[in-house]
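# Residue-level structural notes
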Amino acid sequence: MNSVAAGDRRAAVVIEDDLDIRNLLCAVLEQGGFAASGAATGRDGVDAVRQEHPAVVTLDIGLPDIDGYEVLRRIRTTSDCYVIVLSGRTDEMDVLTALQAGADDYVLKPFRPRELRARIDAMLRRPRIGQPVAPPATVTPGPSGGTAPTPAATTGPPPDAADLLRNGNLVLDGEARTATCSGVELPLTKTEFNLLHELLRSNGAVRTKEELVRVSRGREYRGYNFVSRTDERAIEVHIANLRQKLARTSGDPDLITTVRGVGFRIMPRSSTSR
């Protein structure tokens with residue numbers, strides 16, 4: 001396992017059994033300003049995450065001891081780090097299973113190093129729930145080899161994210177990255193929070209699946225603009241998870257409604273509605 005460099009660099013863990021791919025991923029992350037370490041097995045990867053508290057983890061599914069889905073579940077019991085699944089499996093169910101288990105993104109192999117770094121940069125601009133917004137620690141190299149400075153206006157949440165958004169007993173604080181329903185804080189993932197924020201700020205207007213895919217990617221995403229059916233299915237999974245969490249606290253599974261053939265909207269509720 002590679003040692004993590006000292007200093008204030010953020011840690012990253014690469015869980016990948018193929019040595020060449022593992023070394024490549026570590027190199028890509030090191031170039032992005034991370035102190036990267038690698039693990040060849042799922043158990044070593046889980047241990048590395050517990051010891052190093054990384055900001056980012058890349059995870060292969062086909063590991064020699066335990067599969068990547070189980071690794072992801074174990075990681076999620078102790079860490080809220082960003083997890084990108086890197087896999088050669090193209091089946092839609094593999095993508096959906098990874099997202100349901102807690103992955104933030106799913107990238108097919110062979111991957112493009114610059115696109116992978118762009119995805120990581122975009123995720124890091126979306127702060128974790130309960131943490132203040134902080135600008136990225138590094139500057140992404142431009143195509144010509146120079147630096148591409150990040151505008152100050154895009155290093156934080158959307159301009160109105162600091163406002164309290166309310167709908168009945170649901171209250172979302174964009175600045176604190178918290179959402180409560182009937183006084184109970186919801187255990188939302190980063191993507192779930194961003195989707196809920198977008199639906200609330202829309203004041204009952206319908207948001208298409210394509211729009212919500214772009215919200216989940218983040219506005220700093222510099223990859224392809226194409227939205228696939230798999231991307232839309234991933235949004236459906238995130239919305240289903242949101243509904244379950246809202247129903248546990250509010251008893252209102254219909255707060256987020258489906259507009260058939262279009263997308264989703266939040267139904268307006270009074271403070272006494274259930």
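These numbers come from a predicted model, not from an experiment.

With respect to topology, 5 strands assemble into an open sheet ordered S2-S1-S3-S4-S5, the strand pairing being parallel. A strand with exactly one partner marks an edge of an open sheet, and here the two such strands are strand S2 (34-39) and strand S5 (105-108). Direction aside, the axes of adjacent strands within the sheet are offset by 20° on average. The pairing of strand S3 (residues 56-59) with strand S4 (residues 82-87) spans 4 bridges and is classified as parallel. Paired with Val 57 across the two strands is Val 83, which belongs to S4. Its contacts with the sheet place helix H3 (residues 68-76) against strand S1 (10-15), S3 and S4, and it is angled at close to 160° to S3. Running over the sheet, helix H5 (residues 113-124) touches S1, S2, S3, S4 and S5 and is turned about 160° from S4.

According to the stated counting rule, one finds 20 salt bridges in the structure shown. Three or more residues joined by partner-sharing salt bridges are found here, namely Arg 76, Asp 80, Asp 104 and Lys 190.

Attention now goes to H5. Over its 12 residues, H5 runs 17 Å from end to end, which matches the ideal 16 Å to within 8%, given 1.5 Å per residue. H5 sits mainly inside the fold: 10 of its 12 residues count as buried. Burial in H5 covers these residues: Glu 115, Leu 116, Arg 117, Ala 118, Arg 119, Ile 120, Asp 121, Ala 122, Met 123 and Leu 124.

On to unusual backbone geometry. Between Lys 109 and the following residue, Pro 110, the backbone shows a cis peptide bond with an omega angle of -5°. In this fold, Pro 110 is placed in the loop between S5 and H5. The phi dihedral of Ser 182 is positive, around 55°, even though this residue is not glycine. Position of Ser 182 relative to the elements: it lies in the loop between strand S8 (178-181) and strand S9 (184-185). Its identity as a non-glycine residue notwithstanding, Asn 203 has a phi of 55°, on the positive side. Along the chain, Asn 203 falls in the loop between helix H6 (190-201) and strand S10 (207-208). By relative accessible area, which is 69% here, Asn 203 ends up exposed.

Below, the discussion takes up the sheet that holds strand S7 (residues 170-173). Taken in spatial order, the 4 strands make up an open sheet running S6-S7-S8-S9, and their pairing is antiparallel. At either end of the open sheet lies a strand with only one pairing partner, and these are strand S6 (164-167) and S9. In terms of strand pairing, S8 meets S9 through 2 bridges, oriented antiparallel. Residue pairing across strands places Thr 180 opposite Glu 185, the latter belonging to S9. Where H6 meets the sheet, its contacts fall on S6, S7 and S8, and the angle it forms with S7 comes to roughly 110°.

Criteria and thresholds
- Residues numbered from 1 in each chain as written.
- Predicted model: local features only at pLDDT ≥ 70, side-chain atom pairs only at ≥ 80, totals over all residues.
- Heavy atoms only, no water.
- Pairing = 2+ DSSP bridges.
- Helix = DSSP H or I, 4+ residues; strand = E, 2+ residues; numbered from the N terminus.
- Axes fitted to C-alpha atoms, helices over the stretch in contact; angles between N-to-C directions.
- Contact = heavy atoms within 4.5 Å.
- Salt bridge = Lys/Arg side-chain N within 4 Å of Asp/Glu carboxyl O.
- Expected span 1.5 Å × (residues − 1).
- Buried < 20%, exposed > 50% of the residue type's maximum accessible area, 1.4 Å probe, protein only.

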